[in-house]
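Okay, here's what each chain looks like letter by letter:
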Amino acid sequence: EDKVVQSPLSLVVHEGDTVTLNCSYEVTNFRSLLWYKQEKKAPTFLFMLTSSGIEKKSGRLSSILDKKELFSILNITATQTGDSAIYLCASTSGTYKYIFGTGTRLKVLA
Amino acid sequence: KAGVTQTPRYLIKTRGQQVTLSCSPISGHRSVSWYQQTPGQGLQFLFEYFSETQRNKGNFPGRFSGRQFSNSRSEMNVSTLELGDSALYLCASSLGQSSYNEQFFGPGTRLTVL
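Residues numbered from 1 in each chain as written. Chains lettered and ligands numbered in written order. Predicted model: local features only at pLDDT ≥ 70, side-chain atom pairs only at ≥ 80, totals over all residues. Heavy atoms only, no water.

Trainee: For this particular structure, what's the right way to read a positive patch on the surface?
Mentor: On the surface, Lys40 and Lys41 of chain A together with Arg9 and Arg110 of chain B cluster together into a patch of positive charge. Position of Lys41 of chain A among the secondary structure elements: in the loop between strand 4 (30-38) and strand 5 (44-49). We classify Lys41 of chain A as partly exposed; its relative accessible area is 32%. (Patch = residues over 30% accessible without salt bridge, like charges linked within 9 Å, V, L, I, M, F, W, Y side chains within 5 Å. Areas by Shrake-Rupley, 256 points an atom, 1.4 Å probe, with all protein chains shown as cover. Salt bridge = Lys/Arg side-chain N within 4 Å of Asp/Glu carboxyl O. Lys, Arg positive; Asp, Glu negative; His and termini not counted. Charge placed at Lys NZ, Arg CZ, Asp CG, Glu CD. Helix = DSSP H or I, 4+ residues; strand = E, 2+ residues; numbered from the N terminus. Buried < 20%, exposed > 50% of the residue type's maximum accessible area, 1.4 Å probe, protein only.)

Trainee: Please clarify how the environment of Ser86 of chain B should be interpreted in this entry.
Mentor: All names here are of chain B. Here Ser86 is to be found in the loop between strand 8 (74-78) and strand 9 (87-94). Separated by 63 residues in sequence, Ser86 and Cys23 have C-alpha atoms that sit 18 Å apart. When sequence neighbours within four positions are dropped, the list of residues in contact with Ser86 reads Thr38, Leu111, Thr112 and Val113. A polar contact of 3.1 Å, which involves the side chain of Ser86, links it to the backbone oxygen of Leu83. Reaching out from Ser86, the side chain makes a polar contact with the backbone nitrogen of Val113 at a distance of 2.8 Å. (Contact = heavy atoms within 4.5 Å. Polar contact = N/O pair within 3.5 Å; in protein donor to acceptor, adjacent residues only side chain to side chain.)

Trainee: What am I meant to see in the nonpolar core here?
Mentor: Here is a general trend for soluble globular proteins: nonpolar side chains tend to be buried in one another's company. In this structure, Tyr25, Leu33, Trp35, Tyr87 and Leu106 of chain A are the most contacted members of the largest nonpolar core, which totals 22 residues. Breaking this core down by element, the ones donating at least two residues are strand 3 (19-26), strand 4, strand 5, strand 7 (61-66), strand 8 (71-76), strand 9 (85-93) and strand 11 (104-109) of chain A. Once you skip the residues sitting within four places of it in the chain, Leu33 of chain A turns out to touch Cys23, Tyr25, Phe47, Met48, Leu49, Leu65, Ser72, Cys89, Ala90 and Ser91 of chain A. Counting 21 residues, the second largest nonpolar core, distinct from the first, contains Cys23, Ile26, Phe47 and Phe64 of chain B. (Core = buried A, V, L, I, M, F, W, Y, C linked by side-chain atoms within 4.5 Å.)

Trainee: Would you take a moment to explain the interface of chain A and chain B for this structure?
Mentor: A common way to express how large an interface is: the accessible area buried when the components associate. On the chain B side, the residues contacting the 19 residues of chain A number 21 residues. Here chain A and chain B share an interface that buries about 1,800 Å² over both sides, 55% of which is from carbon and sulfur atoms. At the surface where chain A touches chain B, the tally comes to zero salt bridges. At the junction of chain A with chain B, the criterion picks out two residue pairs in polar contact (both at pLDDT 80 or more). Mapped onto the side of chain A that touches chain B, the elements with two or more residues apiece are strand 4, strand 5, strand 9 and strand 10 (98-100) of chain A. Among the elements that make up the side of chain A that touches chain B, the one with the highest residue count is strand 4 of chain A (five residues). (Buried area = accessible area lost by both parts, 1.4 Å probe.)

Have a look at this one:
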């Protein structure tokens, strides 16, 4: 059965810290790996990764995919209180499905 | 460009009733997916529609059904509601097939079943 596992489940850090969120996947006919940020309502898109070893960056956030080891990481440097959210990882398969992990709840303390 | 819209935003029903939720995708998007989000289970895929055809269905009972219209708007129906159906129902649209395109989520419909 296809699955996506995220770790840690929750994390509390102080402003300025760097955090690394993990996502491993087992998906039949893998297509892509996506990261979303969910604050209060709908998830908002962060990154889509399809190729191994190519880092995607957006400001203080970056992500990379390892298709051999079947995992991805999301890094956030110099964290701010506004980074507090649930970070969701999802994998897409050739059968058009999105499989989401249960998320990592990040809390950044001032 | 307007985002994904969902109606209603909040809904309270009683067990045994049925409910219909609506989703209007971003203009030009042809794919609409539905998800159920609960604190215990996270985001669970319900089904995806592309050009009025259901492409795939998650592991939900037949009480959950949907459809997509020619203008890409989609509806989701849940019949014979159970307490466990209380959840946030999210709709997401993408330009093409969801496996290759990022999805944009709507604000969700919060369904409470009493």
